[in-house]
Amino acid sequence: MAEREAVRKRNKRKSDSYFDYSLLFVVLFLLVFGFIMIYSASSYNAFQDYGDPAYYMKKQLLAALIGLVLMVVVSKIPYHFFERFALAGFIFSLLLIPVVKTPLGVNSHGATRWIKIPGIGLNLQPAEIAKLCMILFLAVLVSKLGRNVDTFKGFAIMVCAPLLHCAFIYLFTKNLSSAIIVFGISFLMLFVASSSYKVFFALGGGGIAAVTALVLYIVNKVGTDGGFRSERIIVWLNPESQAQDKGFQTLQALYAIGSGGTWGKGLGQSMQKLSFLPESQNDMIFSIICEELGLFGGICVISMFIMLLWRMLVIANNAPDLYGAMLVVGVMGHIAIQAVLNIAVVTNTIPNTGISLPFISYGGSSVMFLLIEIGLVMSVSRGIRLADTQ
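(A) Spatial organisation of the environment of Leu-295. For Leu-295, the location among the structural elements is in helix α12 (residues 285-317). Spatially, the C-alpha atoms of Leu-295 and Trp-263 are 6.2 Å apart, while their sequence positions differ by 32 residues. Apart from residues no more than four positions distant in its own chain, Leu-295 is found in contact with Gly-261, Thr-262 and Cys-290.

Set out below in structure tokens:
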């Protein structure tokens, strides 16, 4: 009898434990696929510039290995442990952004958005830290506000919380896309936490109307005299008008996608990566995927992101508490917004702006902090208790 009871308790502990292997598989698949595509997209330019065709892939691999170690460590720590550091992380990430203007700042491609980390040859992007810290802070904020998130005061707090970070990111790094993503994460978390959606539909409709009016004003009144942002809108609407200048990258990306057809030219057979398409391993890597693997490859990548978001949705729905659920929602929002915006830029659905494709594009800071966020999701999943079926 005692032996049977011991077996029952052991089986119960096994049934209580939960680990989402599907989530881990998708993340690892995207990482490995990213290494392959970074090598394919960058090998020609890397050999020309550094004498090593695997230069970019090696740097990405180092960042990913660090990120995987941190992911495992974070996943083993109960997620409530990070709750006590949310405010400190919020302040630290804000103060870190202006550091790019100090001697530690690193300039690349005309932008100063990174901080040099001595010794390991990697650069840190404060905007990526801000995204992670914002998710932690807003998850705590929502759990503290509770039902008060539906009040005017609660709504205003949630909307205003990321504004200072957004302003710092834009003013100090000129990185509008990261500022949009930080605000988008906040807005999505507020949308999920709220029980009333009328105000969101009103804001959404008002936002679409405002953006439409702005685009029409720039096209009809301002033109290219309105500065850098206005030029991008003009080029977005008619990239052929500046085919050799501002519209060059967009057109080359579209050529790559169109020439790939349904099944692609074959892995490693891209022509656009041969110094035709700027930043082919970074923001424009999706166009190389479509050129080499075709529409089929592009759809497969999108499907993997959908599966990743679905697994996180399952974890959020079964999270032990509101704080855990909002952590997962924040990570979901980050990955979803970034993936959608990147593909939209590459296909010229929205104006060109620098946004990387999560886990696939070259970028050490991005992949490192995305993996830490996945560790948070896994930590929340470990808190899920399955029903005892014994």
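Continuing now.
(B) Helix α3 (residues 55-76), seen in detail. Taking 1.5 Å per residue, 22 residues should reach 32 Å; α3 reaches 33 Å between its end C-alpha atoms and fits that length. Every buried residue belonging to α3 is among Tyr-56, Gln-60, Ala-63, Ala-64, Gly-67, Met-71, Val-74 and Ser-75, and all of these are buried. Looking straight down α3, one finds its buried side chains confined to an arc of 105°; they lie on one side. Turned more than 90 degrees off the buried face of α3, the exposed positions are Val-69 and Lys-76. Buried residues along α3 sit in contact with α2 (21-50), β3 (122-124) and α14 (364-382).

(C) Broad picture of the pairing of strand β2 (residues 111-117). In terms of strand pairing, strand β1 (residues 105-108) meets β2 through 4 bridges, oriented antiparallel. Bridging from a neighbouring strand, Asn-107 pairs with Thr-112 of β2. In the sheet, β2 pairs with β3 via 3 bridges, with the strands oriented antiparallel. Looking at β3, one finds that Ile-115 is bridged to Leu-124.

(D) Fine view of the packing of α3 against α14. Two elements in contact, α3 and α14, have axes separated by 7 Å at closest approach and are oriented at 20°. Considering their axes alone, α3 and α14 lie roughly parallel with respect to each other. For the pair α3 and α14, the sense of crossing is right-handed. Seen from α3, the contacting residues are Gln-60, Ala-63, Ala-64, Ile-66, Gly-67, Leu-68, Leu-70, Met-71, Val-74, Ser-75 and Lys-76; seen from α14, they are Gly-364, Val-367, Met-368, Leu-371, Ile-372, Ile-374, Gly-375, Leu-376, Met-378, Ser-379 and Arg-382. By residue class, the composition of the contact of α3 with α14 is 14 nonpolar, 6 polar and 2 charged.

(E) Main features of the environment of Val-32. Relative to the helices and strands, Val-32 resides in helix α2. Take Val-32: its relative accessible area is 46%, and that puts it in the partly exposed class.

(F) How the structure looks around the packing of aromatic side chains. Across all of its chains, the model carries 17 aromatic pairs by this definition. Aromatic pair Phe-19 and Tyr-21: ring centres 4.8 Å apart, planes at 65°, arrangement edge-to-face. Ring plane angle 15° and centroid distance 3.8 Å describe the contact between Tyr-50 and Tyr-55, whose orientation is recorded as stacked. Classification of Tyr-50 by relative accessible area gives partly exposed; the value is 45%. These aromatic residues form a ring-pair network of at least three members: Phe-155, Phe-183, Phe-187, Phe-191 and Phe-200. Over the aromatic face of Tyr-170 sits the side chain of Lys-174, whose NZ or CZ is 5.8 Å from the ring centroid. Lying across the ring of Trp-310, Arg-311 places its NZ or CZ 4.7 Å from the centre.

How each quantity is defined
Residues numbered from 1 in each chain as written. Predicted model: local features only at pLDDT ≥ 70, side-chain atom pairs only at ≥ 80, totals over all residues. Heavy atoms only, no water. Helix = DSSP H or I, 4+ residues; strand = E, 2+ residues; numbered from the N terminus. Contact = heavy atoms within 4.5 Å. Expected span 1.5 Å × (residues − 1). Buried < 20%, exposed > 50% of the residue type's maximum accessible area, 1.4 Å probe, protein only. Arc of directions from axis to C-beta. Pairing = 2+ DSSP bridges. Axes fitted to C-alpha atoms, helices over the stretch in contact; angles between N-to-C directions. Parallel < 35°, antiparallel > 145°, perpendicular 65-115°, else oblique. Left-handed = near helix turned anticlockwise from the far one by under 90°. Nonpolar A, V, L, I, M, F, W, Y, C, P; charged D, E, K, R; others polar. Phe/Tyr/Trp six-rings, centres within 6.5 Å; stacked < 30°, edge-to-face > 60°. Lys NZ or Arg CZ within 6 Å of the ring centre and 35° of its normal.

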